[in-house]
Amino acid sequence: MPHSRHAPASPLGDLLRRIGLGSDPLVKPTSVTAKAAVEAFEVTGRIEEAARRLGLRSLDRAAAVVGYDWRTDPTYTDGGALDA
């Protein structure tokens, strides 16, 4: 068997091919993980939960994946006292 320079296919990639989405360039195994993270964030409102679903330690990276910009969110609080 010839040596491949590509990483072995993931089980999720295999599943996407079996259900007919393997040839869609917009659908990747990471799309499924990102979708789960977005749904977790939408349900809980917690970026920590999205990061957990993504397997990330960085909350900033998780926020970028789910499309959340905490710097411009008027409801964001860092847990400190509110300015009067």
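Just so it is clear, the model here is predicted, and its values are computed rather than measured.

(A) Quick look at helix 2 (residues 29–44). For helix 2, with 16 residues, the first-to-last C-alpha span of 23 Å sits near the 22 Å given by 1.5 Å per residue. The elements touched by buried residues of helix 2 are helix 3 (47–54) and helix 4 (59–66). Positive phi shows up at Gly 45, right after helix 2, with a value of about 75 degrees.

(B) Geometry of the packing of aromatic side chains. Throughout the structure, instances matching the rule amount to one aromatic pair. Seen from their ring centres, Phe 41 and Tyr 68 are 4.9 Å apart, and the 45 degrees between their planes marks the pair as tilted. Of this pair, Phe 41 sits in helix 2 while Tyr 68 sits in the segment after helix 4, and the two are 27 residues apart along the sequence. Relative accessible area serves as the criterion here: at 17%, Phe 41 is assigned to the buried category. Cation over ring: Arg 71 sits above Trp 70, and NZ or CZ is 5.1 Å from the ring centre.

(C) Summary view of the nonpolar core. Counting residues in hydrophobic clusters, the biggest one holds nine residues: Ala 37, Phe 41, Ile 47, Ala 50, Ala 51, Leu 56, Ala 62, Ala 63 and Val 66. Contributions of two or more residues to this core are made by helix 2, helix 3 and helix 4.

(D) Layout of the pattern of salt bridges. This model, assessed by the stated rule, comprises six salt bridges. Between Arg 52 and Glu 49 there is a salt bridge, with its nearest N and O atoms 2.7 Å apart. With Arg 52 and Glu 49 both in helix 3, this residue pair falls three residues apart, about one helical turn. For the salt bridge of Glu 49 with Arg 53, the shortest nitrogen-to-oxygen distance reads 3.2 Å.

(E) Highlighting the layout of surface pockets. Taken as a whole, the largest pocket encloses approximately 310 Å³ of empty space. Along the wall of the largest pocket there are 14 residues; nearest its centre are Gly 45, Ile 47, Glu 48, Tyr 68 and Tyr 76. Listing elements by their share of the lining of the largest pocket, those giving two or more residues are helix 3 and helix 4. At three residues, the largest contribution of residues to the lining of the largest pocket is made by helix 4. Class assignment of the residues belonging to the lining of the largest pocket gives a composition of seven nonpolar, three polar and four charged.

About the criteria used
Residues numbered from 1 in each chain as written. Predicted model: local features only at pLDDT ≥ 70, side-chain atom pairs only at ≥ 80, totals over all residues. Heavy atoms only, no water. Helix = DSSP H or I, 4+ residues; strand = E, 2+ residues; numbered from the N terminus. Expected span 1.5 Å × (residues − 1). Contact = heavy atoms within 4.5 Å. Phe/Tyr/Trp six-rings, centres within 6.5 Å; stacked < 30°, edge-to-face > 60°. Buried < 20%, exposed > 50% of the residue type's maximum accessible area, 1.4 Å probe, protein only. Lys NZ or Arg CZ within 6 Å of the ring centre and 35° of its normal. Core = buried A, V, L, I, M, F, W, Y, C linked by side-chain atoms within 4.5 Å. Salt bridge = Lys/Arg side-chain N within 4 Å of Asp/Glu carboxyl O. 1 Å grid on protein atoms, 1.4 Å probe; cavity = no way out; pocket = protein on both sides within 12 Å on 5 of 7 lines; lining within 4 Å. Points joined across faces, edges and corners; volume = space filled by probe spheres on them. Nonpolar A, V, L, I, M, F, W, Y, C, P; charged D, E, K, R; others polar.

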